[in-house]
Every structure is written in C-alpha cells, then in structure tokens.
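A closer look at the structure
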Amino acid sequence: MEIPLVSPTPVFLSFEQRNQKRFHCATSSGNFFLFDLEKQAVVYQCQVATEEAQIATGTALECVSTHAILPIAYCGMGDGSIKVIDTTSGKVVQDEAAHHGPVTTIDVHSSGLIFSSAGVDGVVRLWDTTSLSTFQEIEWQSRKGDDALTALAFDHASAKGRLVLGGADGDAAIFTT
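Report follows, based on the coordinates. (Residues numbered from 1 in each chain as written. Predicted model: local features only at pLDDT ≥ 70, side-chain atom pairs only at ≥ 80, totals over all residues. Heavy atoms only, no water.)

On to the pattern of salt bridges, then. Opposite charge on two side chains permits them to pair, given that their charged atoms come into close proximity. Evaluated as defined, the whole model comprises five salt bridges. Across the salt bridge formed by Arg125 and Asp121, the nearest N and O atoms sit 3.8 Å from each other. Asp155 is paired through a salt bridge with Arg162; the nearest N and O atoms lie 2.4 Å apart. Exposure remark for Arg162: the relative accessible area of 39% places this residue in the partly exposed category. What you see here is one network of salt bridges that share partners, running through Asp121, Arg125 and Glu137. (Salt bridge = Lys/Arg side-chain N within 4 Å of Asp/Glu carboxyl O. Buried < 20%, exposed > 50% of the residue type's maximum accessible area, 1.4 Å probe, protein only.)

The following block contains the structure:
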C-alpha cells in the first residue's frame, strides 16, 4: 500500500504502541499526523511549525519520539524547543524551551517516566515526563571540536537507565543515568 504524505520528507515514522494498525508520521515541513491502516485514512493532522515560522525562526520539526504508554509525542524543533502533542487529538499541549539550537534527537524510556533530548548545543537533558522538567544534564565533550549530538537511545532492557549517545564528531559513548 502506498500512502501519499503531506510533504515529501518524513523525519519520523512509528507505529502506535497501543494500536499497531495506526502509525504516526512527522514531516520536515512541520506536519504531524496519525494514519489508520484499516481505514486507509488520516485520523488527524496538525501543523507543529508553520512554513513562515520555519523561514523566520528555523522552527523546523527535527525529531520525534512517542510515549510507550500514554498518547503523547515529543517533537524536537529547530528553534531548540520541545513541543508535546496529545496524539489522541493531534493538538500541541505544551511548548518548552529545551536547547540552545536545534533539538536533534529524543527518546522516551520504556518505563514512560523519563525522556531524553539532545541537540547541537552538545547537551543531553533528562526530563521527567509528568512535570516536563529536567533533572539531569550531561555535557558532550568532543575530542574533535564538534560538540553537536546527533543520536541517542535508552537501553530499554536496563533498569539503570543506560543511554548511548552519538556525536557529529563520529564518537559514541554510554552513560548510566
């Protein structure tokens, strides 16, 4: 089945944890939508960042991670903010300043209690999902001069909350939270 997307560049695709017959898609143009495979239709679509805002402020949608338990998605934006989307309604419910520069990667721990974000500022932030407040920061110290972080992921099997980080400098490291 081929699915026509709202804009040509998907930056995130993920099946819902609670319903594998639906998936989320986020596009580089700032669209975020939920698609139902059985109905072959878009359930909802929301514009996380307008084209005008992207041009004026660099507020492009950079990355997304969905909560494993709750109907929530965390969207990392080009202006350094994180937008929280209620994936039931498709509405932005919170907008939080997070990084100095684009947020390049986000991951939600399988416990649903914390999520992490990282960006070109070289900082990893660990967040409480209930209060949307940070409780730990890790500074990436590149040996090659480029502190931008490009990827991170929790070890979902670890009870200790291990986190692997990857930088634009080509290095990777493991941290225990």
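Moving on, we get to the packing of aromatic side chains. A full pass over the atoms with the stated rule returns four aromatic pairs. Consider the rings of Phe23 and Phe35, whose centres lie 5.5 Å apart with planes at 40°: the pair is tilted. Of this pair, Phe23 sits in strand β2 (residues 22-27) while Phe35 is found in strand β3 (residues 31-36), placing the two residues twelve residues apart along the sequence. Phe35 carries the same exposure label as Phe23, and that label is buried. A centroid spacing of 5.6 Å and a plane angle of 0° characterise the contact between Phe115 and Trp127, whose relative ring orientation is stacked. One end of the pair, Phe115, is in strand β10 (residues 114-119); the other, Trp127, is in strand β11 (residues 123-128), and twelve residues separate them in sequence. Note on Phe115: relative accessible area 0%, which makes it buried. (Phe/Tyr/Trp six-rings, centres within 6.5 Å; stacked < 30°, edge-to-face > 60°. Helix = DSSP H or I, 4+ residues; strand = E, 2+ residues; numbered from the N terminus.)

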